[in-house]
Structure formats: structure tokens, C-alpha cells
Amino acid sequence: MIVLQVDYSLTPAGWTFMVVSLGFVTILLVWSLARVLRKGHSDKLRHQLDEELTDPFDS
Amino acid sequence: MSQDSPLAKREHWGTRFGVILAVMGSAVGLGNFLRFPGLAARYDGGAFMIPYFIALLLLGLPLAWAEWALGRYGGRRGYNSSPGIYRIILKTRYAPYFGALAVLIPVGIYMYYVVIEAWCLGYACNIAIGALGPNQNIGEFFANFTGLKQDGLGFSGDGGWVSFFVLLCFALNFVIIYRGITSGIEWFCKWAMPALVLCALIVLVRVLTLGTPDPSHPELNVLGGLGFMWNPRTTGAGFWDSLANGKMWLEAASQIFFTLSVGFGIIVNYASYVRSDDDIALSALTSAAGNEFCEVALAGLIVIPAAFMFLGADGVLNTVTPPDGGTFALGFVTLPHVFSSMPLGQFIGAVFFFLLFIAALTSSLSMLQPAIALLEEGLGLTRKASVALLGFVTVVGAGFVLYFSKGLTAMDTFDFWVGTFSIYIVATFQIILFGWVFGIQRARAELDRGAEIRLPRLILYITKYIAPVYLIVVFIFFVYQEAMAKGTGNRFWALVHDPTVRLSVGFLALVLLLFCFITAASVRRWRRMEVAQPDDGGAI
């Protein structure tokens, strides 16, 4: 494979790709974990959802 | 409820966090820390992330949600194994046999994965005691340790204790799996996953503080390493040319597919132990997010930047580009060399390979449970008997892989036919089963049941229409690519001409036959139980 670029220092585009990629997965994980750990709120929501969504396929 | 009914002896995860960590542990493996960085480096770093994240959203997450939903649905009806779960959703006599293939996949992968796990442990120990350091020929060590040049080397004294490490890994896996879902897998993953992240953070801090390790090459520094990994244009191709590379899209889709462990028959099994009103939508998302964090945020900052600082761009590209390079070359030849060259390298190298060992162990554990579930609920065996029977089958399989080590042919064949080809088949079957047989309405009801987040309806349409097409196109390209490969690189050609490949495929066919027999016996048993107790397992 021919490698043209000699200086590999992070370019603005490289910074952007790195920050967006790392930021996306980190925020997704933190948000998901926070939702998992917010038990009080989630129990309430779950109760609401269960009332709304009885599974018609469960018999 | 009858004592014989699968419903009568159901196991559950102890905590919700436990199941999330267990699924995360199953997904985080060597692919995260070795395959992903290698692919990203090969395909222009940043540019690779575009098809990667598109595949995550259109293929990975929908498949993960589908597997979690199918698993919990089956679990609520008393089934934990893929044959049982497929059977209650698709009411044809052939459906359970797709389940047999879904049991073969994790067991077949386990047979060679446990050997690689043993390499990781062996490398960690050898680096820790200084037996694999700056003065050693690492390529030769790898060849001897893995038996690369000669069949049966792993069973001789020249194999560098690899058999001992394989036995140790086997014992660890089976002791943990014998303890059961809560006391074994969940307990282990609760400490192993934080330990894995801690090890990764230690290595990450070391790599990011290396500065310029060799002052005579000032261009080989941390920012250069990060640039090589993340700049959208590092090789000859321009950014848009890179994006037009179909092979990159194919590789990105398969990386997402394999890193999330979808189509392995594992998530279906794990999700079947979730309680009927526990959330699965958020749990699936959290597990996937944890896996992506380990892959992108940890491995993406460690492996390639470290290799770049000591080998330069050409060295890294040679290491990650087939036919001479690849995952094993990067992980077991290049990285030990890199660690041996850096300050504190002995400690960091040992920590890194211990990290790989933990990642492999949490994955290999998950590969045993689907078969245990089938043996328990299908044949009515006790856990002890199931573990013993599976232990025998997997010892024979791992012994086979360990013996036929020349050129790593047996391992490569197992990886191709079970760890890749069969996975595409099962994943395609599952996504069609979910979107078209289970149906969108029932899928929505199942995903919303007990859910703490409401998934957009769009996801279900993606699951029904886009994900299957995406998967089938990737599969067709994959088969085409393999069929067009030249000479010994062509797996179909090798199947006809290479005796070790034929023997390996024959062995796998025998194991599949065994699981088909077990499935047939299980179906007969379930039918008898349904006739006797129509309200139990037959509550379809």
C-alpha cells in the first residue's frame, strides 16, 4: 500500500472524527447507565407503560 | 406446574446490572481490542467510522433488540435454548434445527476461542516473568507457543506450556459455568468487567503519556499515533475515495455484527433468563453502548497509537494488512514488541494481555451457556451432567484445534465455517423470524413491556425491512469475496484440497449432527410435556 501522508499529526478533521466518535459512545454509555440507575423514575414510567401496554399476545 | 416442565426450574439473573454486564462481557472480546483498531487503521481511520456507525444504527442495534426480545419472549414461556425458543415462534418442524445451528455456533467458537484465551494468559504470564521481553525473538516465540509450524507441537514440551494454559482456562470456564447463571456468570462478570476497564485505563494512560519515545524520530509521537488512527485520510486514497470503497463498508458492517455478538445464539439465551417484566430495550442499548465504549474509546486510543509510535506508519500498515498481517500478527507479534520497547513495558504488556484474557474469558463463558440450557431443558439433565457432557465435547474440539496447529489451519477453518459463515445464516434467520414471523406489533409489545425507554417505531421498520436486506447484501458480498479469492486463500477450494480443512469441517458436521439429535430428542420430550401439561411449556 502506498502511503502518501508523511506527517500524521492530528488534523482538524482527525480531531473532529476522534472527538465525535469518542463523544458519541461515551455519552451513549453514560446516558444509558444513568437511566438504568435512575430506578425511582424508571419504576414509575414502567408502571405507566404496563398500564398502557398489556401484551395482547400473552395468553 | 409439573416438575418436568421447563417452567418449573427457571433460573433468573440476580440483578438488572448483572445481566447488562454479562451481555457486555460476552460482547467485549479480542475483536474489540485487536480487530477493530486493525480495520480502522487499514481503512483510513476516521473515514472508517462513518460506515461503522451507520452499520451500528441500521444493523447492530436492531439485531440486538431483536435477540433480546426473542429471548425474553421464549424465557417467559419456559424456554432458554434457541431450539425451544424458535419452535414456539415459528411453528414448523424445521425451526428447532436452526436452533441446533445456533447452539453449534457458540460451542464451535468456544473450541478455538479457549485456545486463544490460553495464548493471552500465557503471554501475560511470560511477559510478567520477563520470559518474553526485548531480547526475545517474538515471532519465533509465537510460532512455538501456537504450534504454527508443526502439528501437535502444543502437546509436546516445545509448545511453551500452551497445553497447561488451555487446561487452566478450561477449568476456569467450567467451574464458573457450573455455578450457574447468578452465582457463576453474573458474579464473575460483576468483577471482571470493571477489572477489564481498569486494566484498559492503565494501559491507556501509559500510551497517552509516552510523548515522543524515540527522540531521533520526532514525528513518531502521541499526536502522530492519534492522527494515524483518526485522521480521515492517512493512506493514498482521498476521503471520498475511501468512502466509495465497498470493501470498507463490508468490513465495517461485519465488525459491528461480530463485536455485538449478534447471531451467536448467546443473547437469545442470556435474555431468556431476564424476568418477564424487566426492561430489555434499555438493557440491550446499555450493553451495546458498553461494548462500543470499550472498542472505540479504549481500544481506539491504545493499540494503533502505541504501535505507530514504535513502528511508524509502514510498520503498522504491514501488520494490519493481509496476507502477512492481521489480528494475530498485530496482537501476538507486534504488540509484545511494542510493549518491550516502551518504558514500564513489562508491567504494561502483562496488564494488556491480562486484559485480553479477561475479555476472552467473559466471552467464552457465554458460549457454554446456550448448550447447557439445551441439555438441561431438552434432555432434562442436571447441571452437573450437562456440564460434564459439554465438557467432554469441547475438550475433544479444543484438543483437535490445539493438535492441528500448523498454519493455524484448524482454528482458521472453525472460525470461518462456524464463527463467520454460520453466524450470517443464524442472524439472517433470526432477523426475519423477528420482523416477519414474530411481527412488528408483537415486537413492539415485547420491547415496550417493562421498558424504561420507548424505542421509536422507526426502529421496528428498520428491523423489518432494512436490517435483513443489509445483512443479506453483506452476506452475499462476503461469500462472493471468499469464492473469488485466489489459491489457498479460497475457503471453498481449501475445503476440497486441504485434508486438515476437510477433517475440521467433518468434525464440525459431526458436532452439528449431535446437536440435531439432541434437538430431535428435546422436541419429542417437549411435545410429551405439552400434551401432559397444556398450560405449561405449551403456553404459546
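Along each chain, numbering runs from 1 in the same order as the chain's sequence is written. For naming, the first written chain is A and the first written ligand is 1, with later ones following in the order written. Totals for whole chains, interfaces and linings use all residues, but because this is a predicted model, local features are given only for residues with pLDDT of at least 70 and pairs of side-chain atoms are given and counted only at 80 or more. Think of the side-chain values as coming from all heavy atoms in the structure, minus any hydrogens and water.

### Here we look at the overall build of chain A
Strands here are runs of E lasting at least two residues and helices are runs of H or I lasting at least four, both read from the DSSP assignment and numbered beginning at the N terminus. Assigned secondary structure in chain A consists of 2 helices and 0 strands. Categorising residues by exposure relies on relative accessible area from a 1.4 Å probe, with only protein chains included: less than 20% of the type maximum marks a residue as buried, more than 50% marks it as exposed, and the intermediate range marks it as partly exposed. Counting over 59 residues, chain A shows a buried share of 31%. When the accessible area of chain A is evaluated, it comes to approximately 3900 Å², of which 69% is carbon and sulfur surface. Calculation of accessible area relied on Shrake-Rupley with a 1.4 Å probe; when residues are assessed, cover is drawn exclusively from the protein chains displayed.

### Remarks on the packing of helix α14 (residues 327-341) of chain B against helix α15 (residues 345-379) of chain B
All names here are of chain B. Axis angles are defined between N-to-C directions and span 0 to 180 degrees, where every axis is a line fitted to C-alpha atoms and, for a helix, only to the segment in contact. Contact pair α14 / α15: the axes reach a minimum separation of 9 Å and the direction vectors enclose 150 degrees. The pairing of α14 with α15 is recorded here as roughly antiparallel in orientation. Between α14 and α15, the residues in contact are Gly-331, Phe-332, Leu-335, Pro-336 and Phe-339 and Gly-345, Gln-346, Ile-348, Gly-349, Phe-352 and Phe-353, respectively. The cut-offs work like this: below 35 degrees is roughly parallel, past 145 is roughly antiparallel, 65 to 115 is roughly perpendicular, and the gaps in between are oblique. Contacts are residue-level and defined by heavy atoms, with any inter-residue pair within 4.5 Å sufficient.

### Section: the nonpolar core
The nonpolar side chains of a soluble globular protein tend to be buried, and buried together. Residues and elements named next belong to chain B. Core analysis: the largest hydrophobic core is formed by 218 residues, its most contacted members being Phe-33, Phe-48, Trp-119, Trp-230, Phe-352 and Phe-515. Sort the elements by how many residues they give to this core and helix α13 (residues 281-320) lands first, with 24 residues. Aside from chain neighbours lying at most four places away, what touches Trp-119 is Phe-142, Phe-145, Thr-146, Val-162, Phe-328, Phe-332, Leu-408 and Met-411. What makes a nonpolar core is a set of buried Ala, Val, Leu, Ile, Met, Phe, Trp, Tyr and Cys residues whose side-chain atoms join them at distances within 4.5 Å.

### Remarks on the side chain of Ser-32 of chain A
Residue placement: Ser-32 of chain A occurs in helix α1 (residues 12-37). We classify Ser-32 of chain A as buried; its relative accessible area is 0%. If we skip the residues at most four places from it in the chain, Ser-32 of chain A touches Leu-282, Leu-285, Thr-286 and Ala-289 of chain B.

### With respect to the pattern of salt bridges
Residues and elements named next belong to chain B. Any carboxyl oxygen of Asp or Glu that lies within 4 Å of a side-chain nitrogen of Lys or Arg is treated as forming a salt bridge with it. Following the criterion strictly, the structure yields 13 salt bridges over all chains and no others. One salt bridge in this structure joins Glu-251 and Arg-42, with 3.1 Å as the shortest N-O distance. Placement of the pair is Glu-251 in helix α11 (residues 246-259) and Arg-42 in helix α2 (residues 30-42), with a sequence separation of 209 residues. Here Glu-251 matches Arg-42 in class, with each residue buried. One network of salt bridges, with partners in common, ties together Glu-11, Glu-376 and Arg-383.

### Some remarks on the state of the cysteines
All names here are of chain B. Throughout, disulfides are identified as pairs of cysteine sulfur atoms within 2.5 Å of each other. Going through the model one piece at a time under the given rule, you end up with 0 disulfides over all chains. With no disulfide partner, Cys-120 has as its closest neighbouring cysteine sulfur the one in Cys-169, 8.4 Å distant. Overall, Cys-120 belongs to the buried group, its relative accessible area being 0%. We note that Cys-189 lacks a disulfide partner, and the nearest cysteine sulfur, in Cys-294, lies 12 Å from it.

### Notes on a positive patch on the surface
Residues and elements named next belong to chain B. Patch members must show over 30% relative accessible area and no salt bridge, and they are joined within 9 Å when carrying like charges or within 5 Å when they are nonpolar side chains of Val, Leu, Ile, Met, Phe, Trp or Tyr. His is not counted, nor are the chain ends; Lys and Arg add positive charge and Asp and Glu add negative charge. Where a charge lies is defined by one atom per residue type, namely NZ (Lys), CZ (Arg), CG (Asp) and CD (Glu). A cluster of basic residues, Arg-93, Arg-524, Arg-527 and Arg-528, forms a positive patch on the protein surface. If you trace the backbone, Arg-524 turns up in helix α21 (residues 499-532). On the basis of relative accessibility, which here comes to 48%, the residue Arg-524 falls in the partly exposed class.

### Comments concerning helix α5 (residues 95-128) of chain B
Residue and element names in this part refer to chain B. For α5, which comprises 34 residues, the first-to-last C-alpha distance of 49 Å matches the rise-based estimate of 50 Å (1.5 Å per residue) to within 8%. Throughout, bend refers to the angle between the axes fitted to the seven residues that end at a position and the seven residues that start at it. The sharpest bend along α5 comes to roughly 35 degrees, located at Met-111. For α5, a buried count of 30 out of 34 residues is recorded, marking the element as mostly surrounded by other parts of the structure. Positive backbone phi, approximately 85 degrees, marks Gly-130, located one or two places after α5. One less than the number of residues in a helix, times 1.5 Å, gives the span that helix is expected to have.

### Describing the environment of Leu-433 of chain B
All names here are of chain B. With respect to the helices and strands, Leu-433 occurs in helix α17 (residues 409-438). Each C-alpha atom of the pair Leu-433 and Tyr-86 lies 8.3 Å from the other, and the pair is 347 residues apart in sequence. Once you skip the residues sitting within four places of it in the chain, Leu-433 turns out to touch Leu-70, Tyr-86, Ile-89, Leu-90 and Phe-438.

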